[in-house]
Amino acid sequence: MIRLPEFRYYRPKTLKEAVKILNSEGEKAVIVAGGTDLFPNMKRRIQTPSVLVSLQQVKELHRKISYTKINGDQEKRLVIPSGLTLSEVCENRLIRENYPFISKTTSSIATPLIRSMGTIGGNLCLDTRCTYYNQSLEWRESVDFCMKAPEGKLDIPCRVAPGSPRCVAANSSDTAPLFCALEAEFHIVSQEGERTIKPAEFYREDGEFYLNKKAEEILSEITLPSSENLHAVYLKLRRRGSFDFPVLGAAAVLKMTGQKVKEAKIFLNAVSSAPIEVLESEKALIGTELEEEKILEAAESARQSAKPFDNTDFYPHWRKEMVGVLLKRALLELKSRKT
Amino acid sequence: MKKSAALKSSAKQIITLNVNGRVYEQALFIHHTLLEVLREDLGLTGTKHGCELGECGACAVLVNGEPVLSCLLLAVDCIGKEITTIEGIADENRLHPLQKAFAELGAAQCGYCTPGILCAAKSLLDKYLRDDSRAVKPLNRERIKEAVSGNICRCTGYLKILEAIELAAERLNLLQNDPSQKILSTVYDKEK
């Protein structure tokens, strides 16, 4: 039996209580939501926090998905509490009917067993992944660890890109690029109060310090934009259809006026430490009616800009080629749905 | 338990768990998973340990009817919840329709993945029996495949496993397969 290392365990019941504990415990405390990523990492001694703060009992994070009006705004916005499981989000009627692409994306994460434990907040804050990081302790010891090393081990170079000043572990969250492209809002709570951040600013291009979030801050809710005239898709490339992290993901969100693309947001994941926006591809689509040559142009721009590292399954040059293929498929899917 | 007090790993805590309708009061380490507690403290070894990292589904059990991985769930987080393991699926001496179908079709080869698969399949059928609003898609081969896609069978007896779940679903009048497909119960139940 592979056992978890020992830790002190808090199970706060309210957000107020949770942020208070996180504030007093400081950096050594780690937040655990569903545990489906943290516990395997702890079993393999990739992470060995001495204090865990569970969000499972926090009632504010388990409210129903519902509409809210923001600051007297006339528009109604759907709010997803971060503690809901991926199954709950996927199967929710409001999500299924108004944001079917979120249902589809969440259903592509892991397996049904993991989706009924793992939370939407946990997936959005998912640890970055790398072939030199997600290994057993013995394996990592044998190569003397990597830049994303246990505490106290300093000055270890990145094993994937030895000259790199930062860790290049890959963002492997399927929901992150979609929420970035949707321009949703993330609500973050701490002892100091609340703040709102755009997903694209939430992620950092650094595999080690991959979130613009302090250890004592909790991602509490996600507010979605209005679903009106919104066309969105997320396609995921992986080895096994049933269960795998993405080796590449492409999220495309288009806002349409009539037949014309008014706004376009395109984000890729698993090719970098943060979801990457492909501005050239977006530019290629704005003002078009999604003509095939424009789609090909957008796909080619994305292929050229992507620089995947050799740190996940499949060869990086093949993954780079697939960026164009996957984005083309994503845009063709949107085009076929539109007509 | 005092508000905001941390539970320490090194000391055991008295925890009450409801497993298969029976209440167990047990002194447990809080860093122990439900899998460790079921097998080592409660002697319920029907739940198997496979990869123990959430990849294989051998340790699947039901918590409040949802299929979960007991290897990634702390026992302390199951307080106040209803846990169902493979030992609690049959109705006393009467096998669950799924167990019956698995036995009849030989859907268990070495049997190691079977308890987890039965739990995942039971959760699926229960959703349709309850007419749960979340059971939106028709119950067919595709839906069954998806429901057990987190359970790995290394004997690779997937076809018989899927057929056995279909047979059980059919006998419970839940199956909505394409009528052109072979209906298992008409073939199998007639032969008998």
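Cut-off values and rules
- Residues numbered from 1 in each chain as written.
- Chains lettered and ligands numbered in written order.
- Predicted model: local features only at pLDDT ≥ 70, side-chain atom pairs only at ≥ 80, totals over all residues.
- Helix = DSSP H or I, 4+ residues; strand = E, 2+ residues; numbered from the N terminus.
- Rg over C-alpha atoms; globule rule 2.2 N^0.38 Å.
- Buried ≥ 20, exposed ≤ 12 C-beta atoms within 10 Å, placed from the backbone.
- Contact = placed C-beta atoms within 7 Å.
- Pairing = 2+ DSSP bridges.
- Axes fitted to C-alpha atoms, helices over the stretch in contact; angles between N-to-C directions.
- pLDDT = per-residue confidence, 0-100.
- Domains from an automatic or database assignment.
- Nonpolar A, V, L, I, M, F, W, Y, C, P; charged D, E, K, R; others polar.
- Parallel < 35°, antiparallel > 145°, perpendicular 65-115°, else oblique.
- Left-handed = near helix turned anticlockwise from the far one by under 90°.
- Core = buried A, V, L, I, M, F, W, Y, C linked by C-beta atoms within 7 Å.
- Arc of directions from axis to C-beta.

This part covers the overall build of chain A. Along its length, chain A carries 13 helices and 12 strands. Against the globule reference of 20 Å for 339 residues, chain A gives a C-alpha radius of gyration of 20 Å, in line with a compact fold. Dimensions of chain A, computed from C-alpha atoms along their principal axes, come out at roughly 60 × 50 × 35 Å. Sorting the 339 residues of chain A into buried and exposed places 53% on the buried side. Contacts spanning at least 24 positions in sequence make up 65% of the contacts within chain A whose residues lie at least 6 apart.

Another point: the sheet that holds strand 12 (residues 276-277) of chain A. The strands making up a sheet associate through hydrogen bonds between their backbones, and the pairing can be parallel or antiparallel. All names here are of chain A. Ordered by their spatial adjacency, 4 strands build an open sheet running 9-10-11-12, and the pairing between neighbours is antiparallel. Bordering the open sheet on either side are strand 9 (230-237) and strand 12, each of which pairs with just one other strand. Of the pairings in the sheet, the one linking strand 11 (residues 260-269) to strand 12 comprises 2 bridges and is antiparallel in character. In the strand pairing of strand 12, Phe267 is matched with Glu277. Against the sheet, helix 9 (residues 175-182) makes contact with strand 9, strand 10 (248-257) and strand 11, and its axis sits at roughly 150° relative to strand 11, the strand it touches most.

Residue and element names in this part refer to chain A. Most of strand 10 sits out of view: 7 of its 10 residues are buried. Two strands pair when backbone bridges link them, and strand 9 and strand 10 are joined in this way by 8 bridges, in the antiparallel orientation. The residue of strand 10 that forms the bridge with Leu237 is Leu248. Sheet analysis places strand 10 next to strand 11, joined by 9 bridges and oriented antiparallel. When the bridges of strand 11 are listed, Val253 appears paired with Lys265. Connecting strand 10 to the antiparallel partner strand 11 that follows it, the hairpin turn spans 2 residues, and Gly258 within it adopts a positive phi of roughly 60°.

With that settled, consider the confidence of the model for chain B. Model confidence for chain B is summarised by a mean pLDDT of 90, while 88% of its residues fall at 70 or above. The complex prediction reports pTM at 0.94, with the ipTM value standing at 0.94.

Below, the discussion takes up unusual backbone geometry. With a phi angle near 55°, Asn229(A) is a residue other than glycine that sits in the positive phi range. For Glu92(B), which is not a glycine, the phi torsion comes out positive at approximately 50°. Secondary-structure assignment places Glu92(B) in the loop between strand 6 (82-84) and helix 2 (97-105). Classification of Glu92(B) as exposed rests on a count of 5 C-beta atoms within 10 Å.

This part covers the sheet that holds strand 2 (residues 29-32) of chain A. With mixed pairing, the 4 strands of this open sheet are ordered in space as 2(A)-3(A)-1(A)-1(B). Of all strands in the sheet, those bounded by a partner on one side alone are strand 2 of chain A together with strand 1 (7-8) of chain B. As judged from the 3 bridges shared by strand 1 (residues 8-10) of chain A and strand 3 (residues 51-54) of chain A, these two strands associate in the parallel manner. Each residue of the ladder has a partner; that of Tyr10(A), found in strand 3 of chain A, is Val53(A). Strands strand 1, strand 2 and strand 3 of chain A of the sheet are contacted by helix 1 (residues 15-25) of chain A, whose axis makes an angle of about 165° with strand 3 of chain A.

All names here are of chain B. In terms of domain boundaries, chain B breaks down into domain 1 (12-88) and domain 2 (97-191). If you look at the interface, domain 1 gives 14 residues, while domain 2 gives 13 residues. Along the lines of polarity and charge, the residues of the side of domain 1 that touches domain 2 split into 8 nonpolar, 4 polar and 2 charged.

A few words on the interface of chain B and chain A. Contacts between the two partners involve 31 residues from chain B and, on the opposite side, 28 residues from chain A. Among the secondary structure elements, those contributing two or more residues to the side of chain B that touches chain A are strand 1, strand 5 (66-69) and helix 4 (141-147) of chain B. Per element, the largest residue contribution to the side of chain B that touches chain A is 4 residues, and it comes from strand 5 of chain B. Looking at the side of chain B that touches chain A, its residues break down into 13 nonpolar, 11 polar and 7 charged. Judged from the 2 bridges that link them, strand 1 of chain A and strand 1 of chain B form a sheet pairing that is antiparallel.

This brings us to the packing of helix 12 (residues 292-305) of chain A against helix 13 (residues 316-338) of chain A. Residue and element names in this part refer to chain A. As a packed pair, helix 12 and helix 13 sit with axes 8 Å apart at the nearest point and diverge in direction by 150°. Taken together, the axes of helix 12 and helix 13 lie roughly antiparallel to each other. For helix 12 against helix 13, the interelement crossing comes out right-handed. Where helix 12 approaches helix 13, its residues Ile295, Leu296, Ala298, Ala299, Glu300, Ala302 and Arg303 are matched on the opposing element by Lys320, Glu321, Val323, Gly324, Leu327, Lys328, Leu331, Leu332 and Lys335. A per-class count over the contact of helix 12 with helix 13 returns 9 nonpolar, 1 polar and 6 charged.

Looking now at the nonpolar core. One finds Ala181(A), Ala252(A), Leu327(A), Leu69(B) and Ala121(B) to be the most contacted residues of the largest nonpolar core, which totals 165 residues. Mapping this core onto the domain boundaries places at least three of its residues in each of domain 1 (12-88) and domain 2 (97-191) of chain B.

Moving on: helix 1 of chain A. All names here are of chain A. Listing the buried residues of helix 1 in full gives Ala18, Val19, Ile21, Leu22 and Glu25. For helix 1, the angular spread of buried residues about the axis comes to 160°, placing them on one side. Those residues of helix 1 that are buried lie in contact with strand 1, strand 2, strand 3, strand 6 (185-190) and strand 8 (218-223). Looking one or two places after helix 1, you find Gly26, whose phi comes out positive at around 70°.

Here we take up the environment of Thr288(A). All names here are of chain A. Its location among the elements puts Thr288 in the loop between helix 11 (279-285) and helix 12. The spacing of Thr288 and Met42 is 246 residues in sequence and 49 Å in space, taken between C-alpha atoms. In contact with Thr288, not counting residues within four places along its chain, are Val261 and Lys294.

Residues and elements named next belong to chain B. Between helix 2 and helix 5 (residues 158-171), the least distance of the axes is 8 Å, while the angle of their chain directions is 135°. Relative to helix 5, helix 2 is oriented oblique. Crossing angle aside, the handedness with which helix 2 passes helix 5 is right-handed. Residues Pro97, Leu98, Ala101, Phe102 and Leu105 of helix 2 touch helix 5, and the partners they reach there are Lys160, Glu163, Ala164, Ile165, Leu167, Ala168 and Arg171. For the contact of helix 2 with helix 5, a count of residues per class yields 9 nonpolar, no polar and 3 charged.

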